Amino acid sequence: MRNYLQQLKSLMLVMALILGATLVANAQSRTITGTVLDASFGDPVPGATVLIKGTTRGVATDLDGKFTLDIQSGDQILVVSFVGYLTQEVEIGNQSTITISLEEDIQSLEEAVVIGYGSQDKKEITSAVVGVKPEDFNRGNVSNPAQLLQGKVAGLSITRPGGNPNAGFNIRLRGLSTFGANSSPLIVLDGVIGASLENVDPNDIQSIDVLKDGSAAAIYGARGSSGVILITTTKKGSKDGRAEVSINSFGTLDKAVNLIPVLSAEEFIARGGTDFGSETDWRKELIRDAYSHTTNASVSGGFNNTNYMASVNYRNNNGIVKGSSNERLNTRINLSQGALDNKLRFNVNLSFSTVEANSVNDAAFRYATIYNPTAPIFENTEDANQRFGGYFQRDLFDFFNPVALINQQKFLNEIKTALTSYRVEYDILPALTLSAQYSEDRRNELIGGFWSRQDFQVGFGARGSAERITNDRMQRIFESTLRYEVDLFDGLNLALLGGVGTQTTKNQGFGARSRQFLFDTGWDNLGAGALRIGNFTNMYSYANQDQLNSVFGRANFNYNNFLFFSASVRAETYSGFGPENQTGVFPAFSVGSDFTQIFDMGVFSQFKPRVSYGVTGNLPPSPTLALGVFGNGNRIDLDGDPLSTDDIYVGIVQNSNPNRFLKWETKKEFNAGVDFGIWDNKVTGSMDYYTRNISDLLFNVPVGGGPNIFDPGRFNTVGSTWVNLADLRNAGFEFAASVNGLNLGEVVWTPTGNFTIYQRTQIQSLSASGLGFDELRFATPGSPGQNNNPIIYNRVGETLGDIYGPRLLGISEGGEYILSTTNPDEFERLGNGLPKGEFGFANSFAWRQFTLNFFLRGVWGHDLYNSYRGFYENADGASVTWNSVNTEKTPNNPAVTSTPTFNSSYVENASFVRLDNMELGYNFKTNSPNIGSFRVYFAAQNLFTITNYTGIDPEARVTDAENGDGFTTALSPGIERRNTYFQTRSFTLGLTLNFK
């Protein structure tokens, strides 16, 4: 009883203390009310954030700009903020009612957007231009700058099927703009035209601006046809002499996901497969959980008229397949200096990178999926030890042990880049500025390939093979511009730009391969290979050089901040075209008007319709296409005596016919759009509709003997000529919108979305100079047994990339295909590999010190040929050797016994929605005068995908690498090949620390 009384007394004491503390707190707290107004017009500001300084306690104003807030003892200052206004601090004192007037943030309203050769206030932009800032970038283990933008810009498609750490990204802006030249947007890095994304680490990027339409890109002339991406890296430090240091370090775990289901060993045996007595999960033997780590460190600062930034970025990304990795080191130095009262300005940007990429034979993915599950990894027999290094192998077609494949073949790619840029500006007059910039972009690539003496894929007869390849590129650019800005009369501002430029590019390299080694010495001792001619050997070197000279100008008009006009023109001469057509002219204009400056638009705080038109060009993939290029032929023994070598020579062969009329590809683009802001720019966005007409596309066409119809007076000596062939047309609609912070209690939510609807590329013509084609067919499925019939038909008047084949009408009781036809000329259209649309939806949440970001991306309307099903779904025949694919779409009643044949059942709708990335972060409060911020975060990529596609990855395939002609791969989209790298899911844990 006494124990219970003691507990009761203790409980009453605690309750008394709590009641007393509550009374004291209430005695010391009070409530204040207030109104937040626009200082210029006196209108209420709804949705403004009112916080107690130094805390997370606060509220948002209502539709009348009013708020009510509980004040505690020690609360002294209110912090009031809203998008488009300057943040204001208000002392509370003894006030119970407070009126706060917010001033417009002029700098925010006049946010600068980078355009070609300069920048413009966002309100003045009359073209389709999108700027992306670091807070909008994608999160997680981002190793390539392209990943920062994936899904973020309407009309910009960035794809990389699978999870290969050494693979690049395919970048397309507004669909397909060419199929014989470069289809990726032009990269301009800190003013250096044509720079590679290898030159910059994602952590160093301060902004990315995308010039989407022809009028914005026309200032870059012959290189802007596929759009332009402007990357700015310069970080400006404080002017007080202090250095700011930032460190970002994280580790990442990658796991393989979405492996295609195949038969187990028991199921394989039950279906009649050959039993070798083991049970091996070949994909488990091939893949691993891959651990990667990244560290970025930078220091920036400034004093007087000097700014500097230096950074070091180290990344070590391991692939999920054993033996694959990518190790990268980027260093960067940016330095700017002003003199003569800052009238004279110098800027130096230096960037150096080294990459070491270890790769495996991509065929290992195919064999790990379909290799016999009853086969062992090793076989301890004299034959296996002597011929195959102890690995289990069988003398069967297209049947290679995948573990042996990744261990007995090695591929290394070492890349070194150096980008140096020097810029000087001088203000001749306050409104007249002369500038000059010189840059050198060097890229040196060293490739090594090794095939063991016991490698079964190359063949035991080769007795080992090794190769070494170098590819070197040097690009020098010099440009000079003169800028002049003047107010012609009250309200009319004119900005003029004129410039000249020259670009010289030199490519050179060599390669050597030998075979028949006594030992596996690799590529560092090619001389140990006894044979240097014949199969698995090679020796070559090459060099070419081209020059591009330019003159350009632009005029921008601004009348009273409501009417804007821009016009530009660029003329360029390129040495790589025929002498008759080396010069092209690329004009553009755009006009727009912000109606809110002249009308009361109600809820609209900005409503700026705009119209633009621009002409751009495209450079050829090689500077020698207009020439009659010669190459090396076969060895010729003049006397036929194999013992005599002094009369053996390599013959000359011509690779293509000359075409002195070869000229630019030309794209003419019309764009109509509107930029809008609603509720004092609480919601901002844009809409665009565009049409593109692309003519004179570069293409290598087969020709017969006789007169050269493209170059009268000459005769065809070989079977192909590069010509300007084909006209294309496409169109699309783009929409993007952002809500600049929604207050959900203490949570601030910032959603951003965009979508694009494509009108797929239409083929208007496939003819030139009397030579015409009704269609071009590409993309055979491959071996075994499907080498002859292409499945992509490109027909005049129809959509590029249509997939054609027989329609599957059913399966007989014996498992045989019942097809609509076997005649390729009677095949039906089964689908198309180009998407009809894409969308991205980003969400950012902030609650106290926590942040949460996630991003959904989707693509719809595209089809993919599932080659795994197309080759390995059959339950008889070759399946006694190979394993069988058994997806949810695989017919099992009855099972397929036909020889694999392409048909409609293997063309699948690949539309998908994917949670691309998600990040949860926590910002620690720091009281140290030397620590600016400290943050930890957890991120994940590719968390889930919703799709009906049963292949490896539903990502759209806009090119195909197995056509045998690298210049025509864009004509065969929509094929998922069997060497696709497996998908990965990534988990990242990291921290960011900033010192001041």
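All values derive from a computational prediction rather than experimental measurement. (Residues numbered from 1 in each chain as written. Predicted model: local features only at pLDDT ≥ 70, side-chain atom pairs only at ≥ 80, totals over all residues. Heavy atoms only, no water.)

1. Looking at the overall build of the protein chain
- A count of helices and strands for the protein chain gives ten helices and 56 strands.
- Here the protein chain has a C-alpha radius of gyration of 33 Å; the compact-globule value for 996 residues is 30 Å, and the two agree.
- Along the first, second and third principal axes, the C-alpha set of the protein chain runs to 110 × 95 × 55 Å.
- The buried share of the protein chain, reckoned over its 996 residues, is 51%. (Helix = DSSP H or I, 4+ residues; strand = E, 2+ residues; numbered from the N terminus. Rg over C-alpha atoms; globule rule 2.2 N^0.38 Å. Buried < 20%, exposed > 50% of the residue type's maximum accessible area, 1.4 Å probe, protein only.)

2. Considering the pairing of strand E32 (residues 665-678)
- When you tally the buried positions in E32, you get eleven out of 14 residues, the bulk of the element.
- Alignment of strand E29 (residues 604-618) against E32, held across 14 bridges, turns out to be antiparallel. Within E32, the residue paired with Val611 across the bridge is Ala672.
- Here 13 bridges tie E32 to strand E33 (residues 683-695), and the two strands are oriented antiparallel to one another. Each residue of the ladder has a partner; that of Val674, found in E33, is Met687.
- Joining the antiparallel neighbours E32 and E33 is a turn of four residues, in which Trp679 adopts a positive phi near 55 degrees. (Pairing = 2+ DSSP bridges.)

3. What about the environment of Glu908?
- Summarising the element assignment, Glu908 is placed in strand E52 (residues 907-909).
- Sequence spacing of Glu908 and Gly833 is 75 residues, and the spatial spacing of their C-alpha atoms is 10.0 Å.
- Ignoring any residue separated from it by four or fewer positions in sequence, one finds Glu908 in contact with His862, Asp863, Leu864, Asn866, Arg869, Lys889, Asn948, Tyr949 and Thr950. (Contact = heavy atoms within 4.5 Å.)

4. Observations concerning the nonpolar core
- Formed by 70 residues in total, the largest nonpolar core has its most connected members in Phe179, Leu286, Val321, Phe699, Val701 and Leu800.
- Of all the elements in the fold, those that place two or more residues in this core are helix H6 (282-286), helix H7 (363-370), helix H8 (382-388), helix H9 (402-408), strand E34 (698-702), strand E43 (775-778) and helix H10 (867-872).
- In terms of residues, this core owes the most to one element, H7, which gives six residues.
- Those residues within four positions of Leu800 in sequence are excluded, and the remaining contacts are Leu176, Phe179, Leu728, Thr761, Ile763, Asn794, Asn832, Leu834, Ala970, Leu971 and Pro973.
- Ala195, Leu197, Ile208 and Leu419 belong to the second largest nonpolar core, which has 24 residues in total. (Core = buried A, V, L, I, M, F, W, Y, C linked by side-chain atoms within 4.5 Å.)

5. Some details on the pattern of salt bridges
- What the rule picks out here adds up to 48 salt bridges.
- In this structure, Glu734 engages Arg174 in a salt bridge whose closest nitrogen and oxygen atoms are separated by 2.9 Å. Of this pair, Glu734 sits in strand E38 (residues 727-739) while Arg174 sits in the loop between strand E12 (170-173) and strand E13 (186-189); the two residues are 560 residues apart in sequence, bridging distant segments of the chain. Both residues of the pair, Glu734 and Arg174, belong to the buried class.
- A salt bridge links Glu775 to Arg795; the nearest nitrogen and oxygen atoms lie 2.5 Å apart. (Salt bridge = Lys/Arg side-chain N within 4 Å of Asp/Glu carboxyl O.)

6. Observations concerning the side chain of Asn296
- Tracing the backbone through its elements, the reader meets Asn296 in strand E18 (residues 290-303).
- The exposure class assigned to Asn296 is buried, which follows from its relative accessible area of 2%.
- Only 3.0 Å separates the side chain of Asn296 from the side chain of Asn313, close enough to count as a polar contact.
- Beyond its immediate stretch of four places on either side in the chain, Asn296 contacts Asp201, Asn203, Ser246, Ile247, Asn248, Phe250, Val312, Asn313 and Arg315. (Polar contact = N/O pair within 3.5 Å; in protein donor to acceptor, adjacent residues only side chain to side chain.)

7. Comments concerning the packing of aromatic side chains
- Across all of its chains, the model carries 36 aromatic pairs by this definition.
- Between Tyr117 and Phe552, the ring centres sit 4.5 Å apart and the planes meet at 25 degrees, which makes this aromatic pair stacked. Here Tyr117, found in the loop between strand E8 (112-115) and strand E9 (118-121), pairs with Phe552, found in strand E26 (residues 538-559); they are 435 residues apart in sequence, far enough to count as distant. For the pair Tyr117 and Phe552, a shared accessibility class is recorded, and that class is buried.
- Ring centres of Tyr559 and Phe562 lie 5.6 Å apart, and the angle between their planes is 65 degrees; this geometry places the pair in the edge-to-face category. (Phe/Tyr/Trp six-rings, centres within 6.5 Å; stacked < 30°, edge-to-face > 60°.)

8. So, the environment of Tyr426
- With respect to the helices and strands, Tyr426 occurs in strand E22 (residues 409-429).
- When neighbours within four sequence positions are excluded, Tyr426 is seen to be in contact with Leu340, Lys343, Leu344, Leu432, Thr433 and Leu434.

9. Let's talk about the sheet that holds E52
- Spatially, three strands are ordered E52-E51-E55 in an open sheet, and the strand pairing comes out mixed. Taken across any chain shown, the strands that pair with only one partner, and hence form the sheet edges, are E52 and strand E55 (975-976).
- For strand E51 (residues 863-866) and E52, the ladder comprises three bridges, and the chain directions are antiparallel. Residue pairing across strands places Tyr865 opposite Val907, the latter belonging to E52.

10. Looking at the pairing of strand E45 (residues 802-805)
- With burial as the criterion, each face of E45 is covered, one bearing Asp802 and Tyr804 and the other bearing Ile803 and Gly805.
- Count of turn residues in the strand E44 (residues 792-795)/E45 antiparallel hairpin: six residues, of which Gly797 carries a positive phi of about 90 degrees.
- As paired strands, E45 and strand E48 (residues 828-832) are joined by four bridges and run antiparallel to one another. Of the residues in E48, the one forming a bridge with Ile803 is Gly831.

11. Some thoughts on a nonpolar patch on the surface
- A contiguous nonpolar patch, built from Leu488, Phe489, Phe557, Tyr559, Leu563, Phe565, Phe589, Val591, Val611 and Phe670 and spanning about 800 Å² of accessible area, is present on the exposed surface.
- For the nonpolar patch, the elements supplying multiple residues, two or more each, are strand E24 (465-489), E26, strand E27 (563-574) and strand E28 (583-593). (Patch = residues over 30% accessible without salt bridge, like charges linked within 9 Å, V, L, I, M, F, W, Y side chains within 5 Å. Areas by Shrake-Rupley, 256 points an atom, 1.4 Å probe, with all protein chains shown as cover.)

12. Here's the deal with the sheet that holds strand E4 (residues 66-71)
- Spatial strand order, E4-E1-E7: three strands in an open sheet with mixed pairing. One side of each edge strand has no neighbouring strand; the edge strands of this open sheet are E4 and strand E7 (97-102). The mean inter-strand angle of the sheet, taken between neighbouring strand axes irrespective of direction, is 30 degrees.
- Bridge count between strand E1 (residues 30-38) and E7: six bridges; the pairing is parallel. Along E7, the bridge assignment pairs Leu37 with Ser101. (Axes fitted to C-alpha atoms, helices over the stretch in contact; angles between N-to-C directions.)

13. Focus on the side chain of Thr178
- With respect to the secondary-structure elements, Thr178 resides in the loop between E12 and E13.
- A distance of 2.8 Å separates the side chain of Thr178 from the side chain of Glu665, its partner in a polar contact.
- In this structure Thr178 touches Ser183, Asn618, Glu665, Leu697 and Ala970, once residues within four positions along its chain are discounted.

14. Overview of unusual backbone geometry
- In this model, Ser783 is joined to Pro784 through a cis peptide bond whose omega is 5 degrees.
- Relative to the elements of secondary structure, Pro784 occurs in the loop between E43 and E44.
- The peptide bond linking Asn893 to Pro894 adopts the cis configuration, its omega dihedral lying at 0 degrees.
- Mapped onto the secondary structure, Pro894 falls in the loop between H10 and E52.
- Even without being a glycine, Asp696 presents a positive backbone phi close to 60 degrees.
- With respect to the helices and strands, Asp696 occurs in the loop between E33 and E34.
- Positive phi, close to 95 degrees, is recorded for Ala726, a residue that is not glycine.
- Topologically, Ala726 is positioned in the loop between strand E37 (720-724) and E38.
- With a relative accessible area of 2%, Ala726 lands in the buried category.

15. A word on the confidence of the model for the protein chain
- Mean pLDDT over the protein chain works out to 87, with 92% of the residues at or above the 70 mark.
- Taken together, the stretch residues 1-28 has pLDDT below 50 and engages in three contacts with residues farther than four places along the chain or on a different chain. (pLDDT = per-residue confidence, 0-100.)

16. Considerations on the environment of Asn930
- Checked against the element boundaries, Asn930 lands in the loop between strand E53 (912-924) and strand E54 (931-947).
- As a C-alpha pair, Asn930 and Glu775 span 155 residues in sequence and 68 Å in three-dimensional space.
- Excluding residues that lie within four positions of it along the chain, Asn930 makes contacts with Asn994, Phe995 and Lys996.

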